[in-house]
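What follows is the residue order along each chain.
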Amino acid sequence: MIDPLIGRAIATAFALLWLLAAWHKVSAGERFVATLGEYRLLPAAWTRPVARLLPLIEAVLGLAWLTGLATGWIASLTAGLLGAYALAIAINLGRGRMHIGCGCGLGAASGDDPALSWWLVARNVALGAVAMAAVLPLSQRELGLLDWLTLVFALLACVALYAGASQLLRNGAAIASWRKSRD
Amino acid sequence: MTDALLVSNLLLWCVVIVLAVVVLALARQVGVLHERVAPAGALMPTTGPKVGELTQPATYRGLDGNPVTVGGPDGDSRATLVLWISPTCPVCKALVPTAVSMARSERLRLVFASDGEKLAQHQAYVGDLGISAYPYVVSQALGLAYAVSKLPFAVLVGGDGVLRSKGLVNTREHLESLVESMRSGVLSLQDYVGITDPHRDASLKGRPT
């Protein structure tokens, strides 16, 4: 049993995550097509259609989280998609192709995506686990004004921490490439 | 009691958000600092031949085993464009077709250069890019000779063996500017502004270009 506020926070956070991710992929446009091609997982002819399809799936998932319906399915699909991304990253890390961008930024496409690293795999797995927590049954409780305030504050904190973590990943990749070029 | 908890909770939320924003700002600053500091040590090579100097001919072994000579006067008096690329550099890949088409239209001798131990990786890369017709040199010495620090880097050696231009080439325009610089004899855009506007020249004197 989890508190309805926690369920609501998870749903809103994932709605935000998917919508921003979809927006990023659409606004990066051609760059995302190139990034997906760099993953070298799909036949070349599929790259473009899949690059168009992924943001659509993400946007639908984002809106679905907002409706609050069929949470079990949506949470499973979210965890599945995050897992698939993690697998794609892990395969390319295994191939030693750690210089390619992850194509996993949020919001308007400015600056570079972080380069691939095991941290990204860990991030996706952790996010998937949080999504699955939304499947747990909710206890019954009326949400008051204070709960909505808490929800807003929690989301703000999550957004800032997520952005901070992404920036640290980018710094980490830059420092790693710097070290490599000095060796 | 409840009121006190309520106030403390709201206050704590505010502190958490402020802290999260501070952490984000710190991380951004570290990122910006890194961008500013890193090139200062790497981008501007003080060593290596200068533009206008006569280069020394040196022979390296190409990936296909044939000897490749870089520098010095060319037998056919054709200019040589050396482009340093690497399998681990995504920008380089985008520049290769540009370099090939430019070499064709400008009648340049095109040489690709790289370094690293895994020869098989370079062979696969050459096959990938379809540049097996051009000499491809895997040599740290060649990179050191021209003080290459960041990729993609290009140097243009005139048919007479004089180094005509060099630089970090991130875009098609950068690459074209190397040839333009050789043709017009103007070293850089800054020089060009100086030639056309003598007043600017005076004010620019002593400044690094």
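Engineer: Would you mind showing me how to read the overall build of chain B here?
Structural biologist: In terms of regular secondary structure, chain B is built from seven helices and seven strands. Listed by position from the N terminus, the elements making up chain B come as α-β-β-β-α-β-α-β-α-β-β-α-α-α. Across the 209 residues of chain B, 26% fall into the buried class. Expressed as a percentage of contacts within chain B between residues at least 6 apart in sequence, the contacts between residues at least 24 apart total 62%.

Engineer: What is the right way to read the overall build of chain A from this model?
Structural biologist: Across its full length, chain A holds six helices and zero strands. Along chain A, helices (α) and strands (β) appear in the sequence α-α-α-α-α-α when read from the amino end. By residue count, 31% of the 183 residues in chain A fall in the buried class. Of all intrachain contacts in chain A linking residues separated by at least 6 positions in sequence, the fraction that spans at least 24 positions is 75%.

Engineer: Quick question: what am I supposed to make of the pairing of strand 1 (residues 58–61) of chain B here?
Structural biologist: Along a regular strand, successive side chains alternate from one face of the sheet to the other. All names here are of chain B. Here strand 1 runs beside strand 2 (residues 67–70); their pairing, made up of four bridges, is antiparallel. Looking at strand 2, one finds that Tyr60 is bridged to Val68. Connecting strand 1 to the antiparallel partner strand 2 that follows it, the hairpin turn spans five residues, and Gly65 within it adopts a positive phi of roughly 95°.

Engineer: Honestly, helix 1 (residues 4–28) of chain A in this entry has me stumped. Any pointers?
Structural biologist: Note that an α-helix has 3.6 residues per turn; residues three or four places apart therefore point the same way. With 25 residues, helix 1 of chain A ought to run about 36 Å at 1.5 Å a step, and its terminal C-alpha atoms sit 36 Å apart, in line with that. Positive phi shows up at Gly29(A), right after helix 1 of chain A, with a value of about 45°.

Engineer: So what exactly am I meant to see when it comes to the pairing of strand 7 (residues 163–168) of chain B here?
Structural biologist: Residue and element names in this part refer to chain B. Bridge count for strand 6 (residues 153–157) against strand 7 is five bridges, and the pairing is antiparallel. Residue pairing across strands places Val157 opposite Leu163, the latter belonging to strand 7. Taking the residues between adjacent antiparallel strands as the criterion, strand 6 and strand 7 are bridged by five residues, where Gly161 takes a positive phi near 90°.

Engineer: Quick question: what am I supposed to make of the interface of chain A and chain B here?
Structural biologist: The figure often quoted for interface size is the accessible area lost as the parts come together. Opposite the 18 residues of chain A that make contact, chain B presents 16 residues. At 15 residues, helix 6 (residues 145–182) of chain A tops the list of elements feeding residues into the side of chain A that touches chain B. Its residues assigned to classes, the side of chain A that touches chain B comprises eleven nonpolar, five polar and two charged.

Engineer: Quick question: what am I supposed to make of the packing of helix 4 (residues 71–94) of chain A against helix 5 (residues 118–133) of chain A here?
Structural biologist: Describing two packed helices takes the angle between their axes plus the distance from one axis to the other. All names here are of chain A. Where helix 4 meets helix 5, the closest approach of the two axes is 9 Å, and the angle between their N-to-C directions is 165°. In terms of their interaxial angle, helix 4 and helix 5 are classed as roughly antiparallel. Remark: the crossing between helix 4 and helix 5 carries left-handed chirality. Residue-level inspection shows Ala75, Thr78, Ala79, Leu82, Gly83, Tyr85, Ala86, Ile89, Ala90 and Leu93 of helix 4 in contact with helix 5, the latter providing Trp118, Leu120, Val121, Asn124, Val125, Leu127, Gly128, Ala131 and Met132. Along the lines of polarity and charge, the residues of the contact of helix 4 with helix 5 split into 15 nonpolar, four polar and no charged.

Engineer: Can you help me understand the environment of Asn92(A) in this one?
Structural biologist: Residue and element names in this part refer to chain A. With respect to the helices, strands and loops of the structure, Asn92 is situated in helix 4. Note: C-alpha distance between Asn92 and Ser117 (25 residues apart in sequence) is 9.5 Å. Leave out the neighbours within four places in its chain, and Asn92 touches Tyr39, Arg97, Ile100 and Leu116.

Engineer: I tried to follow the sheet that holds strand 4 (residues 109–114) of chain B on my own but got confused; where do I start?
Structural biologist: What holds strands together in a sheet is hydrogen bonding between their backbones, with the strands either parallel or antiparallel. All names here are of chain B. The five strands lie next to each other as 5-4-3-6-7, forming an open sheet whose pairing is mixed. Here the strands that pair on one side only, and so sit at the sheet edges, are strand 5 (136–138) and strand 7. Put simply, the sheet's adjacent strands are angled 15° from each other on average, direction ignored. Here strand 3 (residues 80–84) runs beside strand 4; their pairing, made up of five bridges, is parallel. Its bridge partner being in strand 4, Leu83 is matched across the sheet by Phe112. In the packing of helix 5 (residues 172–184) onto the sheet, contacts are made with strand 6 and strand 7, and the angle to strand 7 comes to roughly 160°.

Engineer: Looking at this structure, how should I read the packing of helix 1 of chain A against helix 3 (residues 44–67) of chain A?
Structural biologist: Residues and elements named next belong to chain A. Viewed as axis vectors pointing N to C, helix 1 and helix 3 meet at an angle of 155°, and their least axial separation amounts to 8 Å. As far as their axial angle goes, helix 3 and helix 1 are roughly antiparallel. Helix 3 is crossed by helix 1, and the crossing has left-handed handedness. Here helix 1 contributes Ala11, Phe14, Ala15, Trp18, Leu19, Ala21, Ala22, Lys25 and Val26 to the contact with helix 3, which in turn contributes Leu54, Pro55, Glu58, Ala59, Leu61, Gly62, Trp65 and Leu66. Here the contact of helix 1 with helix 3 is built from residues that sort into 14 nonpolar, one polar and two charged.

Engineer: Any chance you could explain the nonpolar core here in plain terms?
Structural biologist: The tendency in soluble globular proteins is for nonpolar side chains to be buried side by side. Membership of the largest hydrophobic core comes to 38 residues, with the highest contact counts inside it found for Leu81(B), Val82(B), Leu83(B), Ala113(B), Ala154(B) and Leu156(B). Among residues more than four places away in sequence, those in contact with Leu156(B) are Ala79(B), Leu81(B), Arg164(B), Ser165(B), Lys166(B), Leu178(B), Val179(B) and Met182(B). Formed by 35 residues, the second largest nonpolar core is a distinct cluster that contains Tyr85(A), Cys102(A), Leu120(A) and Leu169(A).

Engineer: Would you explain unusual backbone geometry in this entry?
Structural biologist: Peptide bonds are mostly trans, and most non-glycine residues show a negative phi. Its identity is not glycine, yet Arg40(A) carries a phi of approximately 50°, on the positive side. With respect to the helices and strands, the residue Arg40(A) is situated in the loop between helix 2 (30–39) and helix 3.

Thresholds, definitions, all that
- Residues numbered from 1 in each chain as written.
- Chains lettered and ligands numbered in written order.
- Predicted model: local features only at pLDDT ≥ 70, side-chain atom pairs only at ≥ 80, totals over all residues.
- Helix = DSSP H or I, 4+ residues; strand = E, 2+ residues; numbered from the N terminus.
- Buried ≥ 20, exposed ≤ 12 C-beta atoms within 10 Å, placed from the backbone.
- Contact = placed C-beta atoms within 7 Å.
- Pairing = 2+ DSSP bridges.
- Expected span 1.5 Å × (residues − 1).
- Nonpolar A, V, L, I, M, F, W, Y, C, P; charged D, E, K, R; others polar.
- Axes fitted to C-alpha atoms, helices over the stretch in contact; angles between N-to-C directions.
- Parallel < 35°, antiparallel > 145°, perpendicular 65-115°, else oblique.
- Left-handed = near helix turned anticlockwise from the far one by under 90°.
- Core = buried A, V, L, I, M, F, W, Y, C linked by C-beta atoms within 7 Å.

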